[in-house]
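# Structural overview for review
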Amino acid sequence: QKEVEQNSGPLSVPEGAIASLNCTYSDRGSQSFFWYRQYSGKSPELIMFIYSNGDKEDGRFTAQLNKASQYVSLLIRDSQPSDSATYLCAATRGTASKLTFGTGTRLQVTL
Amino acid sequence: DAEITQSPRHKITETGRQVTLACHQTWNHNNMFWYRQDLGHGLRLIHYSYGVHDTNKGEVSDGYSVSRSNTEDLPLTLESAASSQTSVYFCASSRTGDTGELFFGEGSRLTVL
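Here the structure is a predicted model, which is why all the values come from computation and not from measurement. (Residues numbered from 1 in each chain as written. Chains lettered and ligands numbered in written order. Predicted model: local features only at pLDDT ≥ 70, side-chain atom pairs only at ≥ 80, totals over all residues. Heavy atoms only, no water.)

### Observations regarding the side chain of Arg37 of chain A
All names here are of chain A. Looking at the element boundaries, Arg37 is found in strand E4 (residues 32-38). At 3.5 Å, the side chain of Arg37 and the side chain of Tyr39 are in polar contact. In this view, Arg37 contacts Ser43, Pro44, Glu45, Ile47, Phe61, Asp83, Ala85, Thr86 and Tyr87; residues no more than four positions away in its chain are not counted. (Helix = DSSP H or I, 4+ residues; strand = E, 2+ residues; numbered from the N terminus. Polar contact = N/O pair within 3.5 Å; in protein donor to acceptor, adjacent residues only side chain to side chain. Contact = heavy atoms within 4.5 Å.)

What follows is the structure, encoded as structure tokens:
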């Protein structure tokens, strides 16, 4: 079992809809969680991070964390074609620790 | 602007040759990491360093080595390249005490024939 698991997709949503991306982790010592976006042929770029249970909102993006269920999600409201990318979930035990990544979920936003 | 750069961006080599991928960051970050990215496997950690003269093995370190002689650089060496090491390699850095966010280089695509 990988430490961080994601459905590889593709997840297809129509423009304007809400995209829901999910991630589970196995290491209960994980403290912080990150969502990265990666366009094809490019390097990952940070979308959001979260370390407290509950929701964290930033513009059209909302990260949700449930440590009891070991579950992290990313909601993208009003999805745009430019959101089409692979979304990587990552977990770390601390700020000085290495990040462990999931395999990523490919999101396709259709017109 | 501070940045992290990798070179070369593309390289083709032959089995058995030694290859070094360079990584240079100007953020003065203590922590530096090398990942490889393959279809179906995502980003996997090869080696990482928390400071000068510190190096640690990641989950896929066999056949790779790193050295950290200064804060800015963490070169990745493939001692004897194998076809299984054909991949895209990403260098990243982070600052101790910060959020843990990784800043990535643009990647180096290595093909071993």
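### Thoughts on unusual backbone geometry
Along the chain, Gly9 of chain A connects to Pro10 of chain A via a cis peptide bond; the corresponding omega equals 10°. Note on placement: Pro10 of chain A falls in the loop between strand E1 (4-5) and strand E2 (11-14). With an omega dihedral of -5°, the bond running from Ser7 of chain B to Pro8 of chain B counts as a cis peptide bond. Tracing the sequence through the fold places Pro8 of chain B in the loop between strand E1 (4-7) and strand E2 (10-13). Phi at Gln70 of chain A takes a positive value of approximately 55°, unusual for a residue other than glycine. Relative to the elements of secondary structure, Gln70 of chain A occurs in the loop between strand E7 (61-66) and strand E8 (71-76).

### Remarks on the sheet that holds strand E8 (residues 76-78) of chain B
Residues and elements named next belong to chain B. Taken together, the four strands give an open sheet; going across it, the order is E1-E3-E8-E7, and neighbouring strands pair in antiparallel fashion. Here the strands that pair on one side only, and so sit at the sheet edges, are E1 and strand E7 (64-66). The average angle at which neighbouring strand axes cross in this sheet is 20°, direction not considered. Note: strand E3 (residues 19-25) against E8, three bridges, orientation antiparallel. Bridge assignment links Thr20 to a residue of E8, and that residue is Thr77. (Pairing = 2+ DSSP bridges. Axes fitted to C-alpha atoms, helices over the stretch in contact; angles between N-to-C directions.)

### Regarding the interface of chain A and chain B
Listed by partner, the interface residues are 18 residues for chain A and 23 residues for chain B. Each partner contributes to the roughly 1,600 Å² buried at the junction of chain A and chain B, and carbon and sulfur atoms together form 58% of this total. The tally of links between chain A and chain B comes to zero salt bridges. Only E4 and strand E5 (45-50) of chain A provide two or more residues apiece to the side of chain A that touches chain B. Among the elements that make up the side of chain A that touches chain B, the one with the highest residue count is E4 of chain A (three residues). (Buried area = accessible area lost by both parts, 1.4 Å probe. Salt bridge = Lys/Arg side-chain N within 4 Å of Asp/Glu carboxyl O.)

### What to know about the packing of aromatic side chains
If you walk through the whole model with that rule in mind, you get 15 aromatic pairs over all chains. Aromatic side chains Phe101 of chain A and Phe104 of chain B sit 6.1 Å apart centroid to centroid with 65° between the ring planes, which places their arrangement in the edge-to-face category. Here Phe101 of chain A is found in strand E10 (residues 100-101), whereas its partner Phe104 of chain B is found in strand E10 (residues 103-104) on a different chain. Overall, Phe101 of chain A belongs to the buried group, its relative accessible area being 2%. Pairing Phe90 of chain B with Phe104 of chain B gives two aromatic rings, centres 6.2 Å apart and planes at 90°, and the pair type is edge-to-face. (Phe/Tyr/Trp six-rings, centres within 6.5 Å; stacked < 30°, edge-to-face > 60°. Buried < 20%, exposed > 50% of the residue type's maximum accessible area, 1.4 Å probe, protein only.)

### Details of the pattern of salt bridges
All names here are of chain B. In the structure shown here, the tally under the stated rule is eight salt bridges over all chains. Ionic pairing is found between Arg9 and Glu106, a salt bridge with its closest N-O pair at 3.2 Å. Here Arg9 is found in the loop between E1 and E2, whereas its partner Glu106 is found in the loop between E10 and strand E11 (108-112), with 97 residues between them in sequence. Judged by relative accessible area, Arg9 falls into the partly exposed class, the value being 35%. Since its relative accessible area comes to 51%, Glu106 is described here as exposed. Several salt bridges share partner residues, and in doing so they unite Arg36, Asp38 and Arg44 into one network.

### Some words on the state of the cysteines
Residues and elements named next belong to chain A. Applying the stated rule across the entire model yields two disulfides over all chains. Shown here is the disulfide that connects Cys23 with Cys89, its sulfur atoms set 2.1 Å apart. With the S-S bond torsion at -75°, the cross-link from Cys23 to Cys89 turns out left-handed. Residue Cys23 is found in strand E3 (residues 19-25), and its partner Cys89 is found in strand E9 (residues 85-92); the two are separated by 66 residues along the sequence. Since its relative accessible area comes to 1%, Cys23 is described here as buried. (Disulfide = S-S within 2.5 Å.)

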